[in-house]
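Here's the letter readout for the chains.
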Amino acid sequence: MTTGNGILFVLTGASGVGKGTVRKTAVADLGDVHFSVSATTRARRAHEVDGVHYHFVDANAFQALLAEGALLEHAEYVGDRYGTPAGPVDEALAQGRDVILEIELDGARQVKARRPEAVMLFLAPPSLAELERRLRGRGTDSEEKIQRRLARAREELKALREFDYMIVNDRVPDAVLAFQSVIRAERLRAARLSDAFVVALQRAT
Ligand code: 5GP
């Protein structure tokens, strides 16, 4: 409506903290928001659909994407590689659609460096013990991977203050409301208004 450009939101938080659940529920009544589908070398989990949850690629294909400069950011996470294809993100933003990246800390930092205007959100677990319980409950990872994911979560928590917003995912409905509030508030920033919109408004008043 006002700027022509969409807003880039980066949602970071430990594996198992509930980023996907919070994001999916939050965007259901936020209008047209583009979710960026990442490329990964990780094996597909039973419920995951190629092209919907991730683009599942092998190590060579991932390397090729990287060499082509097709990734906005990329990172290694617990033995696998993950990256955000830049093309669909830029297309959506140019169409005025808001975009959400759900990525880990290294990638989030790369995005912030390349796109300083990105809005950075951190989703934290109520405690590390609760995170461990959620990771185990998911039943998708080996004990070794759970331990590595928890170690990574501990590291990521230390970076909390690098973010614009921090939401604790204790009760999902509360976290959803908080996430929606951030998106709605960011959409209302006067600094995002295009000159054309301001001129039209001034003429009309
Ligand atoms: P999972 O294997 O649980 O799906 O994801 C592991 C971690 O990688 C999660 O923190 C997830 O948000 C993150 N991740 C998913 N896609 C990307 C991506 O494209 N780039 C980066 N840097 N991290 C990602």
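This text goes with the structure placed above it.
Let me sum up the structure you'll find in this document. Since this is a predicted model, take the numbers as computed values, not measurements. (Residues numbered from 1 in each chain as written. Predicted model: local features only at pLDDT ≥ 70, side-chain atom pairs only at ≥ 80, totals over all residues. Heavy atoms only, no water.)

With respect to spatial proximity, 19 residues lie near the ligand, and among them Ser38, Arg42, Tyr54, Tyr82 and Glu104 are the closest. Arg45 places a polar side-chain atom, nitrogen or oxygen, 3.3 Å from an oxygen atom of the ligand. Between the ligand and Arg149, the relevant distance is 2.8 Å, taken from an oxygen atom to a side-chain nitrogen or oxygen of the residue. Out of a free accessible area of 520 Å², the ligand has 95% covered by protein chains. Where the shell around the ligand is concerned, the elements lending two or more residues are β5 (71-77) and β6 (80-85). Class assignment of the residues belonging to the shell around the ligand gives a composition of 5 nonpolar, 6 polar and 8 charged. (Near = heavy atom within 4 Å. Polar contact = N/O pair within 3.5 Å; in protein donor to acceptor, adjacent residues only side chain to side chain. Areas by Shrake-Rupley, 256 points an atom, 1.4 Å probe, with all protein chains shown as cover. Helix = DSSP H or I, 4+ residues; strand = E, 2+ residues; numbered from the N terminus. Nonpolar A, V, L, I, M, F, W, Y, C, P; charged D, E, K, R; others polar.)

Counting residues in each nonpolar core, the largest one holds 25 residues, and the members touching the most others are Phe9, Ile100, Leu121, Leu123, Leu131 and Phe179. Counting residues per element, this core draws most heavily on helix α7 (residues 172-187), at 5 residues. Once residues lying within four places of it in the same chain are set aside, the contact partners of Leu123 are Leu11, Thr12, Gly13, Ala14, Val17, Gly18, Lys19, Val22, Ile167, Asn169 and Ala175. With 19 residues, the next largest nonpolar core counts Val99, Val111, Ala118 and Phe122 among its residues. (Core = buried A, V, L, I, M, F, W, Y, C linked by side-chain atoms within 4.5 Å. Buried < 20%, exposed > 50% of the residue type's maximum accessible area, 1.4 Å probe, protein only. Contact = heavy atoms within 4.5 Å.)

A few words on helix α5 (residues 128-138). Along α5, the residues classified as buried are Glu130, Leu131 and Leu135. Projection of α5 onto a plane perpendicular to its axis shows the buried side chains occupying an angular sector of 140°, all on one side. Counted as exposed and oriented over 90 degrees from the buried face of α5: Ala129, Arg133 and Gly137. Residues of α5 that are buried in the fold lie against α6 (143-157). Downstream of α5 by one or two residues, Gly139 has phi in the positive range, about 65°. (Arc of directions from axis to C-beta.)

Take the side chain of Arg149 next. One can find Arg149 in helix α6. Each residue touching Arg149, except ones within four places of it in the same chain, is listed here: Ser15, Arg42, Arg45, Tyr77, Val78, Tyr82, Leu135, Arg138 and Asp141.

Our next topic: unusual backbone geometry. In this model, Val78 sits at a positive phi of 45°, which is unusual for a non-glycine residue. Tracing the backbone shows Val78 in the loop between β5 and β6. You can call Val78 buried: its relative accessible area is 4%.

Following both chains from N to C, one finds α5 and α6 inclined at 145°, their axes separated by 10 Å at the closest point. Relative to α6, α5 is oriented so that their crossing is right-handed. Mapping the contact onto sequence places Leu128, Leu131, Glu132, Leu135, Arg136 and Arg138 in α5 and Glu143, Ile146, Gln147, Arg149, Leu150, Ala153, Arg154 and Leu157 in α6. Its residues placed into classes, the contact of α5 with α6 shows 7 nonpolar, 1 polar and 6 charged. (Axes fitted to C-alpha atoms, helices over the stretch in contact; angles between N-to-C directions. Left-handed = near helix turned anticlockwise from the far one by under 90°.)

Function-wise, these values are silent; they only describe arrangement.
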